[in-house]
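Listed here are the chains, written in short residue letters.
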Amino acid sequence: MKVLADAAGLGFQPDHEPSLWLRETISDLRASIMAAAFRLCPHLRPGMVVVTALWAPGRMVCTACLPMLAVAGDEDRTCDRCGDIVEAGQIHPGMTSLDPSGSLLVLLGLCPTCSRREVAA
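This is a predicted model, so every value here is computed, not measured.

A. Just the overall build of the protein, in detail. Along the backbone of the protein there are three helices and five strands. Helices and strands appear in the protein in the N-to-C order α-α-β-β-β-β-β-α. Across the protein, contacts joining residues at least 24 apart in sequence account for 45% of those joining residues at least 6 apart. As displayed, the protein offers around 7,400 Å² of accessible surface, 58% of which is attributable to carbon and sulfur atoms.

Given below as structure tokens:
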């Protein structure tokens, strides 16, 4: 996220500690990456920003290939935290990073209730 904030000329300062759920989810994602349990986009090169999503943990793409992570229908309205399917337009998009440099980004979508649990007020 720092990479994106820097590119936009914005300062990046995390303002809260992630929940136990998010820490465990990120830990599981790291383990799958270490086990090479994912498919890479063919454009990725060393030093590029890499993006994955909680709804597509088996795929890692460059920013140009973000559409490869897109989902539709109920899958697009499913909260990554609780699994509830919500009305269209109610999923709150989020992003975190697996590394301090912000070069490995993780996208997530949360229902309104889970978003309030995860995001500091």
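B. Inspection of the sheet that holds strand β4 (residues 92-97) at higher detail. The strand order across the open sheet formed by five strands is β1-β3-β2-β5-β4, and the pairing between neighbours is mixed. Two strands close off the open sheet at either side, each with one partner strand: β1 (39-40) and β4. Here two bridges tie strand β2 (residues 50-53) to strand β3 (residues 56-61), and the two strands are oriented antiparallel to one another. Bridging from a neighbouring strand, V51 pairs with V61 of β3. Relative to the sheet, helix α2 (residues 20-34) contacts β2, β3, β4 and β5 (104-110), its axis offset from that of β5 by approximately 135 degrees.

Conventions and cut-offs
Residues numbered from 1 in each chain as written. Predicted model: local features only at pLDDT ≥ 70, side-chain atom pairs only at ≥ 80, totals over all residues. Heavy atoms only, no water. Helix = DSSP H or I, 4+ residues; strand = E, 2+ residues; numbered from the N terminus. Contact = heavy atoms within 4.5 Å. Areas by Shrake-Rupley, 256 points an atom, 1.4 Å probe, with all protein chains shown as cover. Pairing = 2+ DSSP bridges. Axes fitted to C-alpha atoms, helices over the stretch in contact; angles between N-to-C directions.

Take it as geometry only, folks, not as evidence of what the structure does.
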